[in-house]
Amino acid sequence: MSAEEDFSRSVVTEPHSGGLIAEAADMIGAAGSIVVSTGAGMSRESGVRTFRGEEGLWKEYRAEDLASIEGIRKDPALVWEWYRERLKACQELEPHAGYYALVSMQNGKGILPLITQNVDGLHQKAGVKDVIELHGNLRTASCIDSCGVSRVQMTGDLFEKLPPRCSCGSILRPDVVLFGEQLPEQALSRAFRLADSCDLMMVIGTSMVVYPASSLPLIALRRGVKVIEINPEETPLSSLDGVLSLRYTAGSVLPELVKAVYGV
Ligand code: OAD
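Residues numbered from 1 in each chain as written. Predicted model: local features only at pLDDT ≥ 70, side-chain atom pairs only at ≥ 80, totals over all residues. Heavy atoms only, no water.

This paragraph deals with the overall build of the chain. Within the chain, the secondary structure is distributed over eleven helices and nine strands. On C-alpha atoms alone, the chain measures out to a radius of gyration of 19 Å, which is about the 18 Å that the 2.2 N^0.38 rule sets for 264 residues. Principal-axis analysis of the C-alpha atoms gives the chain an extent of 60 × 35 × 30 Å. In the chain, which comprises 264 residues, the share counted as buried stands at 53%. About 12,200 Å² of surface is accessible on the chain, with carbon and sulfur atoms providing 50% of the total. The chain carries 26 positive and 34 negative side-chain charges, and their two centres are separated by 3 Å. (Helix = DSSP H or I, 4+ residues; strand = E, 2+ residues; numbered from the N terminus. Rg over C-alpha atoms; globule rule 2.2 N^0.38 Å. Buried < 20%, exposed > 50% of the residue type's maximum accessible area, 1.4 Å probe, protein only. Areas by Shrake-Rupley, 256 points an atom, 1.4 Å probe, with all protein chains shown as cover. Lys, Arg positive; Asp, Glu negative; His and termini not counted. Charge placed at Lys NZ, Arg CZ, Asp CG, Glu CD.)

Written out as structure tokens, the structure reads:
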């Protein structure tokens, strides 16, 4: 089974509640600056697997083998094969209607920028501008021994012989945040600043268990700012005061929300 098989068939869709969507649309309409924060669930209806849950990647693979520096050093060819397949799948996948709804919101409302834990590049593919990638990206790689070579484009040539090597002789590592690593400093401080200054936050498709992304809506809530959560399942955020939790999938509810706000 490929890592990015189409899981959209098993997505739960329930009849949407007009009342809650209208309430969320009013909140969006009234807010000055909106910040959107997304996780793996945002991409699920495009065919990208989430990390947790019944069909999650971490049920099938060990995170420490594939997503840690020790794992890459131990078996770099295996790890690179995995990232090569993930990259290939992500390049072939298309953003679903929910992605384009966020682009329309950005155009209509100026939601800038968008924070994501995802490395799949689908927000950029849909046309969102200024995406803050908290967990890095699948587009580039850097020297594992920090010789100074960084942001090498992950193109076909790089994968001819695995693992790809840096010009210094060490192996390259993908520019995704691995377990135990710090998040990119600039991205993180921008995300904190946005959480601390927005009028409304939308949190889409994250289990809310990975820090520091999980703390962003809490920062907003502490200031009395409302949060709209979109997730078919309950999370630690869902029942907090100030949270409107829409238990729907991103691909089904975001287009409805945008229609309710802008009438298109
Ligand atoms: P998770 O896999 O932990 O959670 C995905 C969430 O998406 C769950 O709460 C699902 O209920 C929800 N979901 C599933 N389908 C959805 C849909 N169609 N629409 C909306 N929501 C849906 O993913 P993250 O919270 O993003 O880190 O995980 C955070 C980090 O854990 C990842 O970035 C990754 C992983 O280890 C690194 O690789 C550093």
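Where helix H1 (residues 18–30) contacts helix H11 (residues 250–262), the axes come no closer than 9 Å and their chain directions differ by 60°. Overall, the two elements H1 and H11 adopt an arrangement that is oblique. Of the two elements, H1 crosses H11, and the hand of that crossing is right-handed. Each of Ile21, Ala24, Ala25, Ile28 and Gly29 in H1 lies in contact with H11, whose residues at this interface are Val253, Glu256, Leu257, Ala260 and Val261. Here the contact of H1 with H11 is built from residues that sort into eight nonpolar, one polar and one charged. (Axes fitted to C-alpha atoms, helices over the stretch in contact; angles between N-to-C directions. Parallel < 35°, antiparallel > 145°, perpendicular 65-115°, else oblique. Left-handed = near helix turned anticlockwise from the far one by under 90°. Contact = heavy atoms within 4.5 Å. Nonpolar A, V, L, I, M, F, W, Y, C, P; charged D, E, K, R; others polar.)

What follows concerns the pairing of strand E9 (residues 243–246). Here E9 shows no split at all, with Val243 and Ser245 on one side and Leu244 and Leu246 on the other all buried. Inspection of the sheet shows strand E8 (residues 226–230) paired to E9 by four bridges, in the parallel sense. Its bridge partner lying in E9, Val227 is registered against Val243. (Pairing = 2+ DSSP bridges.)

Moving on to the site of the ligand. Every one of the 22 residues lining the ligand counts as a neighbour, but Phe51, Arg52, His135, Thr206 and Ser207 are closest to it. The side chain of Arg44 places a nitrogen or oxygen atom 3.4 Å from a nitrogen atom of the ligand. In this structure, a nitrogen atom belonging to the ligand sits 2.9 Å away from a main-chain N or O atom of Ala250. Taking 790 Å² as the accessible area of the ligand by itself, protein coverage stands at 92%. Looking at the shell around the ligand residue by residue, the classes come out as eight nonpolar, ten polar and four charged. (Near = heavy atom within 4 Å. Polar contact = N/O pair within 3.5 Å; in protein donor to acceptor, adjacent residues only side chain to side chain.)

Take the state of the cysteines next. Counted by the stated rule, this structure contains zero disulfides. The thiol of Cys168 is unpaired, and the distance to the nearest cysteine sulfur, on Cys166, comes to 3.7 Å. For Cys168, a relative accessible area of 43% translates into the label partly exposed. (Disulfide = S-S within 2.5 Å.)

Right, let's talk about the sheet that holds strand E6 (residues 172–176) for a bit. Neighbouring strands of a sheet are bound in pairs by backbone hydrogen bonds; such pairs are parallel or else antiparallel. Across the sheet, which stays open at both edges, the three strands sit in the order E5-E4-E6 with antiparallel pairing between neighbours. Both edges of this open sheet fall to strand E5 (152–153) and E6, since each of them pairs with a single strand only. Examined bridge by bridge, strand E4 (residues 136–143) and E6 share four bridges and lie antiparallel to one another. From the neighbouring strand, Gly136 faces E6, where its bridge partner is Val176.

All right, on to the side chain of His96 then. Locating His96 in the fold gives a position in the loop between helix H6 (76–92) and helix H7 (97–109). Among residues more than four places away in sequence, those in contact with His96 are Met42, Glu45, Ser46, Ala250 and Gly251.

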